[in-house]
Amino acid sequence: SGTEPAQRCREIKIVLLGDSGVGKSSIAQRYVTDTFRPHGESTIGASFMSKMIVNNGSPCKCQIWDTAGQEKYHSLAPMYYRGAAAAILVYDMTKKSSFEKLQKWVDELKERGPEGIVLCVAANKCDLEEGREVEVAEGAEFAQKSGADFFETSAKNDENVGRIFTTLVTNVQ
Ligand code: GTP
Ligand code: MG
């Protein structure tokens, strides 16, 4: 008849958090559309994208909520991490202050986020090695203490961006 029943598909809500300018939208855009904009606009409120991922043979729909890092939008964040299975905590490895800010996100998620949320830390802009302000070991130690996986990423050069998502999907029960 040609009317097959729709295949059951797992859906996973993933939220991106971190300071303005660290590259959250660029990571989402690289992952979903495999493109990079060198002069992208700062996100207003939040934006949403989704992508199917096939992990170990089973399909999964990643619902990606890209939040706005500007402080004036901070109060909106709980709407986006509510019900999230996973969070990507992004800092810019050429900007120490963006790294220091991540502790606040970890604390907030522990206090008010979904129980058992799976975390991953992304040290983004690793293509800018000459501007590095955060050592790999510092980032990795912070991630470990926070119970998160850790990747140095470049949305620009497409380094480790896909791995963040496959790792999260694997780690979400
Ligand atoms: P808000 O929406 O304000 O929270 O910022 P954001 O975290 O979404 O940052 P966005 O993705 O808009 O990137 C900010 C700037 O950094 C843009 O000019 C990007 O082109 C640039 N950028 C993002 N990722 C990378 C990267 O991996 N390498 C380099 N060199 N630049 C990047
Ligand atoms: Mg953005």
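Residues numbered from 1 in each chain as written. Chains lettered and ligands numbered in written order. Predicted model: local features only at pLDDT ≥ 70, side-chain atom pairs only at ≥ 80, totals over all residues. Heavy atoms only, no water.

### Let's talk about the pairing of strand S1 (residues 10–17)
1) Next: Of all eight residues making up S1, six are buried, and the element is well covered by its neighbours.
2) Next: Bridge count for S1 against strand S4 (residues 86–92) is four bridges, and the pairing is parallel. What sits directly across from Leu17, in S4, is Leu89. (Buried < 20%, exposed > 50% of the residue type's maximum accessible area, 1.4 Å probe, protein only. Helix = DSSP H or I, 4+ residues; strand = E, 2+ residues; numbered from the N terminus. Pairing = 2+ DSSP bridges.)

### What about the packing of helix H1 (residues 24–33) against helix H6 (residues 161–171)?
1) Next: Closest axis-to-axis distance for the H1/H6 pair is 9 Å, and the angle between their directions is 85°. Taken together, H1 and H6 sit at an angle that is classed as roughly perpendicular. When H1 is examined against H6, the residues Ile27, Arg30 and Tyr31 are found in contact with a partner set consisting of Val161, Gly162, Ile164 and Phe165.
2) Next: Residue composition of the contact of H1 with H6, grouped by class: five nonpolar, one polar and one charged. (Axes fitted to C-alpha atoms, helices over the stretch in contact; angles between N-to-C directions. Parallel < 35°, antiparallel > 145°, perpendicular 65-115°, else oblique. Contact = heavy atoms within 4.5 Å. Nonpolar A, V, L, I, M, F, W, Y, C, P; charged D, E, K, R; others polar.)

### Considerations on the coordination of the magnesium ion (ligand 2)
1) Next: Looking at the magnesium ion (ligand 2), the protein donor atoms are Ser25 (OG) and Thr43 (OG1), and they sit 2.1 Å from it. Taken as a pair, Ser25 in helix H1 and Thr43 in the loop between H1 and strand S2 (46–55) lie far apart in primary sequence, 18 residues in all. (Donors = N, O, S within 2.8 Å, 3.2 Å for Na, K, Ca; no water.)

### Details of the site of ligand 1
1) Next: Surrounding ligand 1, one finds 23 residues, the nearest of these being Ser20, Lys24, Ser26, Ser42 and Gly69.
2) Next: One of the side-chain nitrogen or oxygen atoms of Lys125 is found 3.1 Å away from an oxygen atom of ligand 1.
3) Next: For ligand 1, a nitrogen atom lies 2.7 Å from a polar atom in the side chain of Asp127.
4) Next: When ligand 1 sits alone it has 660 Å² of accessible area, and the protein chains cover 90% of it.
5) Next: Top contributing element to the shell around ligand 1 by residue count: H1, with three residues.
6) Next: In terms of residue class, the shell around ligand 1 is built from six nonpolar, ten polar and seven charged. (Near = heavy atom within 4 Å. Polar contact = N/O pair within 3.5 Å; in protein donor to acceptor, adjacent residues only side chain to side chain. Areas by Shrake-Rupley, 256 points an atom, 1.4 Å probe, with all protein chains shown as cover.)

### As for the pattern of salt bridges
1) Next: All told, the structure shown has eight salt bridges when counted by the stated rule.
2) Next: Measuring nitrogen to oxygen at the nearest pair gives 2.8 Å for the salt bridge that ties Arg30 to Asp34.
3) Next: Looking at Asp34, the relative accessible area reads 49%, which means it is partly exposed.
4) Next: In this structure, Glu129 and Arg132 form a salt bridge, with 2.9 Å as the shortest nitrogen-oxygen distance.
5) Next: For Glu129, a relative accessible area of 43% gives the class partly exposed.
6) Next: Through salt bridges with shared partners, one network takes in Asp19, Glu71 and Lys101. (Salt bridge = Lys/Arg side-chain N within 4 Å of Asp/Glu carboxyl O.)

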